[in-house]
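Close look at the chain arrangement
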Amino acid sequence: MFLWNGRLVQEDEIQVSYLDRGYYFGDGIYEVFRIYDGKLFEKQAHLNRLFQSLREVRITLPWSEAELSAMVDSLAETFGKKDGILYLQITRGAAKRSHLLPESAEPSMLGYCEEVVRPVEQLKKGINTITLDDERWHKCHIKSLNLLANTLARQEAADAGAEEAILVRDGRVTECTASNVMIVKKGVIITHPNGPLILDGITKQVVERLAKLSGIPYRNAGFTLEELMDADEVFVTSTTKEVMPVTMINGIKVGSGIPGVITQLLQHGFEQKFKPAAAAELLG
Ligand code: PMP
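Predicted model only: the values in this text are computed from it and were never measured.

What follows is about the sheet that holds strand β6 (residues 108-115). With antiparallel pairing, six strands are arranged side by side in an open sheet as β2-β1-β6-β5-β3-β4. In the strand order of this sheet, the two ends are held by β2 (7-9) and β4 (39-41), each with one partner. Each strand of the sheet is rotated relative to its neighbour by a mean of 30 degrees, with strand direction disregarded. Two strands pair when backbone bridges link them, and strand β1 (residues 2-4) and β2 are joined in this way by three bridges, in the antiparallel orientation.

On to the site of the ligand, then. Around the ligand lies a shell of 17 residues, among which Arg49, Lys143, Glu175, Thr203 and Thr239 are the nearest. Between the ligand and Ile202, the relevant distance is 2.8 Å, taken from an oxygen atom to a main-chain nitrogen or oxygen of the residue. Between an oxygen atom of the ligand and a side-chain N or O atom of Thr203, the distance comes to 2.6 Å. In isolation the ligand exposes 390 Å². Once the protein is present, 93% of that is buried. At the level of secondary structure, the elements contributing two or more residues to the shell around the ligand comprise β9 (172-176), α6 (202-214) and β13 (233-238).

This brings us to a negative patch on the surface. Together, Asp133, Glu135, Glu156 and Asp159 line one region of the surface with negative charge. Its location among the elements puts Asp133 in strand β7 (residues 127-133).

Counting 25 residues, the largest nonpolar core has Leu50, Leu54, Leu68, Leu86, Leu88 and Met109 as its most contacted members. Residue assignment for this core shows that the elements contributing at least two residues are β3 (28-36), α2 (43-56), α3 (65-79), β5 (84-91) and β6. The leading source of residues in this core is α3, at six residues. Leu50 has contacts with Ile29, Tyr30, Glu31, Leu68, Leu88 and Ile90, leaving out every residue within four places of it along the chain. Core analysis: the next-biggest nonpolar cluster, separate from the first, contains 19 residues, Ile127, Val173, Val181 and Phe223 among them.

In this section: unusual backbone geometry. Phi angles above zero are rare outside glycine, and Asp37 is one such case at about 50 degrees. By secondary structure assignment, the location of Asp37 is in the loop between β3 and β4. In the Ramachandran plot, Glu42 falls in the positive-phi region, its phi being about 55 degrees despite a non-glycine side chain. Tracing the chain through its elements places Glu42 in the loop between β4 and α2.

If you check helix α8 (residues 261-274), its first and last C-alpha atoms are 21 Å apart, about what 14 residues at 1.5 Å a residue would give, namely 20 Å. Burial in α8 covers these residues: Ile262, Thr263, Leu266, Gln267, Gly269, Phe270 and Phe274. Take α8 and look down its axis: the buried residues cluster within an arc of 170 degrees, on one side only.

For the rest of this paragraph, the subject is the domain arrangement of the protein. Size of an interface, as often reported, equals the accessible area lost when the parts are brought together. Partitioning the protein into domains gives domain 1 (2-115) and domain 2 (120-283). With 22 residues of domain 1 at the contact, the number on the domain 2 side is 20 residues. Counting the surface lost from both domain 1 and domain 2, the interface buries some 1,800 Å², and carbon and sulfur atoms represent 62% of this. Looking at the side of domain 1 facing domain 2, the largest losses of area belong to Tyr30, Tyr36 and Arg49, adding up to 34% of the total buried there. Two residues, Glu42 and Arg209, come together in a salt bridge whose shortest N-O distance is 3.0 Å.

With that out of the way, let us pick up the pattern of salt bridges. Should their charged atoms come close, side chains of opposite charge can pair. Per the stated rule, a full pass over the model turns up 21 salt bridges. As a salt-bridge pair, Glu31 and Arg49 come within 2.6 Å of each other at their nearest N and O atoms. Residue Glu31 is found in strand β3, and its partner Arg49 is found in helix α2; the two are separated by 18 residues along the sequence. A relative accessible area of 10% places Arg49 in the buried class. One network of salt bridges, in which partners are shared, links Arg118, Glu242, Glu271 and Lys275.

Here is what the cut-offs are and how they apply
Residues numbered from 1 in each chain as written. Predicted model: local features only at pLDDT ≥ 70, side-chain atom pairs only at ≥ 80, totals over all residues. Heavy atoms only, no water. Pairing = 2+ DSSP bridges. Helix = DSSP H or I, 4+ residues; strand = E, 2+ residues; numbered from the N terminus. Axes fitted to C-alpha atoms, helices over the stretch in contact; angles between N-to-C directions. Near = heavy atom within 4 Å. Polar contact = N/O pair within 3.5 Å; in protein donor to acceptor, adjacent residues only side chain to side chain. Areas by Shrake-Rupley, 256 points an atom, 1.4 Å probe, with all protein chains shown as cover. Patch = residues over 30% accessible without salt bridge, like charges linked within 9 Å, V, L, I, M, F, W, Y side chains within 5 Å. Salt bridge = Lys/Arg side-chain N within 4 Å of Asp/Glu carboxyl O. Lys, Arg positive; Asp, Glu negative; His and termini not counted. Charge placed at Lys NZ, Arg CZ, Asp CG, Glu CD. Core = buried A, V, L, I, M, F, W, Y, C linked by side-chain atoms within 4.5 Å. Buried < 20%, exposed > 50% of the residue type's maximum accessible area, 1.4 Å probe, protein only. Contact = heavy atoms within 4.5 Å. Expected span 1.5 Å × (residues − 1). Arc of directions from axis to C-beta. Domains from an automatic or database assignment. Buried area = accessible area lost by both parts, 1.4 Å probe.

See below:
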């Protein structure tokens, strides 16, 4: 089933106008929720970020947060698979093409679920990355549909045989095309501070909480390209990549070229968060 403007419908009931501003301006925002064991993971954090994005781009929904929350629950219930994502996008709606925001446009909302497989092999072995200039705008905290700079950078990484591009702005590492990035140096986790240059990732938030619980120092101090290349451990975080070790950057090994101990500790903690039943079993 699909969520279309507040109703659960079949795919053939979705009709998008050619005048939809999402179509010609990329004028909208989105969220990707993770479904583990049939349940939405960190739902409230995703809803908070969704409403924050909506406020930033001045889109007003005709539904309250509680109503939207109930809608995504209903959509997830129709999914019927254990592991997946719920994609939700909201555009400003259809209006005659003009750069000015239309006075009366009804937002268009589309949601659907899709099965995903955890990248188990990569989580064990780590991924290969390259660094690229961060050529995006200065409002990266908004989960905007405008992802051209991200998709082009991601393709450049793929063309170079890498799974992700680590973005660098004025010598400082911001994040990746679709994930946040953290380094570990002398036992301290360091990442870029929240603000307009990065997306405040939900997985990043979970990692920060896990680090605090485990007594691992965590600093939102940011780091340079040199510090990235000199790090003991590097990992990226996202809803689908989880806590993903980075073992290669620009053809150079990170540390000894295998996932580091703090990264593995965080991976373990993360798994326990979405698999509480399995963790309880392990703990006996
Ligand atoms: N940064 C960017 C640019 C992203 O697209 C994503 C993925 N949505 C992230 C960071 C990670 O965010 P999250 O952990 O919420 O998936």
